[in-house]
Amino acid sequence: MANVKTEDEIILFEREMKEFWTKLKSIYGTEQINQTLALRDSCKESIKALSEKWSKKLKEGDLMIDKIKEYSNEILQQSQHISENQEHLTEIKSNLNQEEEQKKDLTNSIQELKEELMKKKEIISSKNKAAKERVERLCKSKVLFEERLGLEIRRIHNEQLQFIFRHIDHKDPDKPYVFTLSINEQGDYEVTSCTPPLDCIAELQLKVRETNNFSAFVANIRKAFTALSYK
């Protein structure tokens, strides 16, 4: 566009020069006109050379502008590509952080489960130990109960103890009065059967859980069986 503008200016200038020389011829002589023409031609050559020079400069400038635009576009594309890569890297980093957090949470959960399992094992072991100690104490008391209360103690299935009282019914001294005892999961005494049934068995069971006085518990059951035998 700059080249077109320069060429139009040159055409306009040449037209004005022709008009000027036409007027000049009517006023000055031939010699002066020839000198003026020589000067005009020199000016024209200078102007032509200058025009060609600036035309070349303008073309070079246009090429430079095109190159700058091209470089700017390349830089813009590279910037966009870098931005996309940065976003991708940010996403990858975020995913890695999330995976690391999930791994950490999973590790903590596993550790908590291990600790909880160990505690449960310790509680179960403690309860089993307490239950065995109670059974052992009951077995050690067997002779005492048999001698004083006419009681026979048997160990039956599922780690239960069966208590058999005799010499209660004066009409039938060999008639058995029986209750079965176990240690439940909570480590408490639990009467699983009673023959003949006693209305007060639940109350006696609750009392022995509160006092842990097993001898009194057995003696009270014998008293209850004795009272039942007189009915």
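To start, this report covers the structure provided alongside it. (Residues numbered from 1 in each chain as written. Predicted model: local features only at pLDDT ≥ 70, side-chain atom pairs only at ≥ 80, totals over all residues. Heavy atoms only, no water.)

### Digging into the overall build of the protein chain
Within the protein chain one finds 5 helices and 4 strands. When the elements of the protein chain are put in sequence order from the N terminus, they spell out α-α-α-β-β-β-β-α-α. The long-range fraction of contacts in the protein chain, counting pairs at least 24 apart against all pairs at least 6 apart in sequence, stands at 36%. Working note: accessible area of the protein chain is about 18,100 Å², and carbon and sulfur atoms make up 53% of it. (Helix = DSSP H or I, 4+ residues; strand = E, 2+ residues; numbered from the N terminus. Contact = heavy atoms within 4.5 Å. Areas by Shrake-Rupley, 256 points an atom, 1.4 Å probe, with all protein chains shown as cover.)

### Quick word on the side chain of S182
Structurally, S182 is set in strand β3 (residues 177-183). Its relative accessible area of 12% is what places S182 among the buried residues. Beyond its immediate stretch of four places on either side in the chain, S182 contacts Q160, D188, Y189, E190 and T192. (Buried < 20%, exposed > 50% of the residue type's maximum accessible area, 1.4 Å probe, protein only.)

### What about the packing of helix α4 (residues 201-211) against helix α5 (residues 214-229)?
Close contact between α4 and α5 brings their axes to 9 Å; oriented N to C, the two are set at 170 degrees. As far as their axial angle goes, α5 and α4 are roughly antiparallel. Across the interface between the two elements, I201, L204, Q205 and V208 from α4 touch F214, F217, N220 and I221 from α5. Classifying every residue of the contact of α4 with α5 by side-chain character gives 6 nonpolar, 2 polar and no charged. (Axes fitted to C-alpha atoms, helices over the stretch in contact; angles between N-to-C directions. Parallel < 35°, antiparallel > 145°, perpendicular 65-115°, else oblique. Nonpolar A, V, L, I, M, F, W, Y, C, P; charged D, E, K, R; others polar.)

### Details of α5
Note: α-helices contain 3.6 residues per turn, so residues at a spacing of three or four share the same orientation. Between the first and last C-alpha of α5 there are 23 Å, a value that for 16 residues agrees with the 22 Å anticipated at 1.5 Å per step. Those residues of α5 that sit buried are F214, F217, V218, I221, R222, A224, F225 and S229. Seen from one end, α5 has its buried residues packed into an arc of 160 degrees, which puts them on one side. A distance of 3.2 Å separates the backbone nitrogen of A216 from a side-chain oxygen at the start of α5, and that oxygen is part of N213. (Expected span 1.5 Å × (residues − 1). Arc of directions from axis to C-beta. Polar contact = N/O pair within 3.5 Å; in protein donor to acceptor, adjacent residues only side chain to side chain.)

### Quick look at a negative patch on the surface
Together, D62, D66, E70 and E74 make up a region of like negative charge exposed at the surface. Residue classification places D66 among the partly exposed positions, given a relative accessible area of 45%. (Patch = residues over 30% accessible without salt bridge, like charges linked within 9 Å, V, L, I, M, F, W, Y side chains within 5 Å. Salt bridge = Lys/Arg side-chain N within 4 Å of Asp/Glu carboxyl O. Lys, Arg positive; Asp, Glu negative; His and termini not counted. Charge placed at Lys NZ, Arg CZ, Asp CG, Glu CD.)

### Some points on the side chain of R222
Along the chain, R222 turns up in helix α5. Here R166 takes part through its backbone oxygen, which lies 3.4 Å from a polar atom of the side chain of R222.

### Overview of the pairing of strand β4 (residues 189-195)
Relative to β4, β3 runs antiparallel, the two being bridged by 6 bridges. Following the sheet pairing, L181 is matched in β4 by V191. Adjacent in sequence and paired antiparallel, β3 and β4 are bridged by 5 residues, among which G187 carries a positive phi angle near 85 degrees. (Pairing = 2+ DSSP bridges.)

### Describing the pairing of strand β1 (residues 151-156)
Relative to strand β2 (residues 160-165), β1 runs antiparallel, the two sharing 6 bridges. By the bridge assignment for β2, R154 is matched with Q162.

### Re the environment of C200
Residue placement: C200 occurs in the loop between β4 and α4. A relative accessible area of 26% places C200 in the partly exposed class. For the pair C200 and A224, spaced 24 residues apart in sequence, the C-alpha separation works out to 7.8 Å.

### Structural notes on the pattern of salt bridges
Tallied over the entire structure, the rule returns 2 salt bridges. The salt bridge involving E152 is made with R154; its shortest N-O contact spans 2.8 Å. Its relative accessible area of 26% is what places E152 among the partly exposed residues. Given a relative accessible area of 38%, R154 falls into the partly exposed group.

### A word on the packing of aromatic side chains
Per the stated rule, a full pass over the model turns up 8 aromatic pairs. Note on Y177 and F225: the rings are 5.3 Å apart at their centroids and 55 degrees apart in plane angle, and the pair reads as tilted. Here the residue Y177 occupies a position in strand β3, and F225 occupies one in helix α5, the gap between them amounting to 48 residues. Grouping aromatic residues by their ring pairs yields a cluster made of F163, F165, Y177, F179, Y189, F214, F217 and F225. (Phe/Tyr/Trp six-rings, centres within 6.5 Å; stacked < 30°, edge-to-face > 60°.)

### Here we look at the sheet that holds β1
What the 4 strands build is an open sheet, ordered β1-β2-β3-β4; its pairing is antiparallel. Either end of the sheet is taken by a strand with one partner, and the two such strands are β1 and β4. Ignoring strand direction, the axes of neighbouring strands in this sheet form an average angle of 20 degrees.

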